[in-house]
Structure formats: structure tokens, C-alpha cells
Amino acid sequence: MGHDDCIFCKIINKEIPSAKVYEDEHVYAFLDISQVTKGHTLVIPKVHTKDIYNTPDDVAGELFARVPKIARAIKKAYEPSGINLLNNNEKPAGQAVFHYHIHILPRYGKEDGFDPGWTTHDDAYTAEELQRIAENIHAHVK
Ligand code: 5GP
Ligand code: ZN
């Protein structure tokens, strides 16, 4: 089983070795080979889905349900000062492996190597514009 040429399917099937953190019927979690910070973990569904757009609700449900306990385990193991979650979808957003995955990134202070590069624009939109944007997105929810 597994998607041809998908590196994460090969990891699930043990065709490629990995440092396993957690595994059950639905989910596999393992250390990212390029550790942004110590304990940087990837959580993936055992079913191959490409990205968030293509991930069915039940697959996402099982996947996200595992994230808190893995995060708690990382917190206990290494006592990071915080944890960020990250999920890149599509190449321009930084997705390099096209098997859906959530990064769990333990934080060890501001200069720990992870920089989300987040710039806030508090007054970029009026309240009315925010309403219109929200309605536009809402209209597309299926
Ligand atoms: P993306 O950029 O798609 O969000 O993240 C893909 C991640 O997968 C990268 O952080 C990369 O280091 C990791 N990765 C790619 N190939 C392998 C591999 O063979 N083994 C492991 N453990 N991680 C990998
Ligand atoms: Zn896959």
C-alpha cells in the first residue's frame, strides 16, 4: 500500500527508516530529518492525501486528534518554552513533500532557529471590509 514515489508513504511502510515518535491505526509521527529545533516532529495520516484541500474530514479528525498528546509528550521530554504548529500547503507556501503533514515545532526562545516571519497589520481593513471578506469565504464553505 502507499502512493508511488511518496517519501512519507515509504516511511509509513518502513521502506525508508525514520525516528518514530508515535504510531497507531490512523497516524504516524516521526522526527523531521532536518530538525529546525530539537524534537521537531511531523504528524501524518496513514492515508495518502496531498494537502489540506484534499484531506477528508475523517482523516483530518484522526490526525488533529493526535496532535495534543504528541505536543504534551514533547513538552514533558524537553520542556520547550513553547510549541508552534505549522502546515504548509502548495509550493509557494513552502510545501516540499506532498503527503499532508503537520509540523510540531518546540520553541526554545526567540533565537532558536524557527522564525515564522509574521507581520501583523492591525488596521489594514475596516470592520465593513472584514465583514465582506468573511462573507465571501463563508459563501464558499461546503
Ligand atoms: P514541508 O516543507 O513539505 O512542509 O515539510 C517537509 C519536511 O519533511 C521538511 O521539513 C523535511 O526536512 C522533511 N523530510 C523530507 N524528507 C524526509 C525524510 O526522508 N525523512 C524525514 N524524517 N523527514 C523528511
Ligand atoms: Zn504519501
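For the structure, check the block above.
Residues numbered from 1 in each chain as written. Chains lettered and ligands numbered in written order. Predicted model: local features only at pLDDT ≥ 70, side-chain atom pairs only at ≥ 80, totals over all residues. Heavy atoms only, no water.

*Asks:* Before we go on, may I ask you to explain the pattern of salt bridges in this structure?
*Replies:* Once the charged atoms of two side chains with opposite charge are near each other, the side chains can pair. Following the criterion strictly, the structure yields six salt bridges and no others. A salt bridge links Asp24 to Arg66; its shortest N-O distance comes to 2.5 Å. Note that Asp24 is positioned in the loop between strand E1 (20-23) and strand E2 (27-31) and Arg66 in helix H2 (residues 57-78), a separation of 42 residues in sequence. Connected through shared salt-bridge partners, Lys14, Lys20, Glu23 and Lys46 make up one network. (Salt bridge = Lys/Arg side-chain N within 4 Å of Asp/Glu carboxyl O. Helix = DSSP H or I, 4+ residues; strand = E, 2+ residues; numbered from the N terminus.)

*Asks:* Looking at this model, I keep getting lost on the coordination of the zinc ion (ligand 2). Mind explaining?
*Replies:* Ideal geometry at a metal centre gives angles of 109.5 degrees when four donors are arranged tetrahedrally and 90 or 180 degrees when six donors are arranged octahedrally. Every protein donor of the zinc ion (ligand 2) is accounted for by Cys6 (SG), Cys9 (SG), His48 (ND1) and His99 (ND1), and the metal-donor separations fall at 2.0 to 2.3 Å. Each of the four donor atoms bound to the zinc ion (ligand 2) contributes to angles spanning 104 to 116 degrees, and the resulting shape is tetrahedral. (Donors = N, O, S within 2.8 Å, 3.2 Å for Na, K, Ca; no water. Tetrahedral: all angles 85-135°; square planar, octahedral: opposite > 155°, others 65-115°.)

*Asks:* When you look at the site of ligand 1 in this model, what are you seeing that I'm missing?
*Replies:* Every one of the 16 residues lining ligand 1 counts as a neighbour, but Asp32, Ser34, Gly94, Ala96 and His101 are closest to it. Ser34 places a polar side-chain atom, nitrogen or oxygen, 2.5 Å from an oxygen atom of ligand 1. Within the backbone of Val97, an N or O atom sits 3.0 Å from an oxygen atom of ligand 1. Contact with the protein chains removes 83% of the 520 Å² of surface that ligand 1 exposes when unbound. Counting only elements with at least two residues in the shell around ligand 1, the list comes to helix H1 (7-12) and E2. Ranked by the residues each element gives to the shell around ligand 1, the list is headed by H1, at three residues. Of the residues in the shell around ligand 1, the class split is nine nonpolar, six polar and one charged. (Near = heavy atom within 4 Å. Polar contact = N/O pair within 3.5 Å; in protein donor to acceptor, adjacent residues only side chain to side chain. Areas by Shrake-Rupley, 256 points an atom, 1.4 Å probe, with all protein chains shown as cover. Nonpolar A, V, L, I, M, F, W, Y, C, P; charged D, E, K, R; others polar.)

*Asks:* Just checking my understanding: could you explain the nonpolar core for this structure?
*Replies:* When a protein is soluble and globular, its nonpolar side chains tend to lie buried together. Of all hydrophobic cores here, the largest spans 10 residues; its members are Val27, Ala29, Val43, Leu63, Val67, Ile70, Ile74, Tyr100, Ile102 and Ile104. Among the secondary structure elements, those contributing two or more residues to this core are E2, H2 and strand E5 (102-107). Top contributing element to this core by residue count: H2, with four residues. Each residue touching Val27, except ones within four places of it in the same chain, is listed here: Tyr22, Val43, Ile44, Lys46, Glu62, Leu63 and Arg66. In this structure, Cys9, Ile11, Ile12 and Ile44 belong to the second largest nonpolar core, which totals nine residues. (Core = buried A, V, L, I, M, F, W, Y, C linked by side-chain atoms within 4.5 Å. Buried < 20%, exposed > 50% of the residue type's maximum accessible area, 1.4 Å probe, protein only. Contact = heavy atoms within 4.5 Å.)

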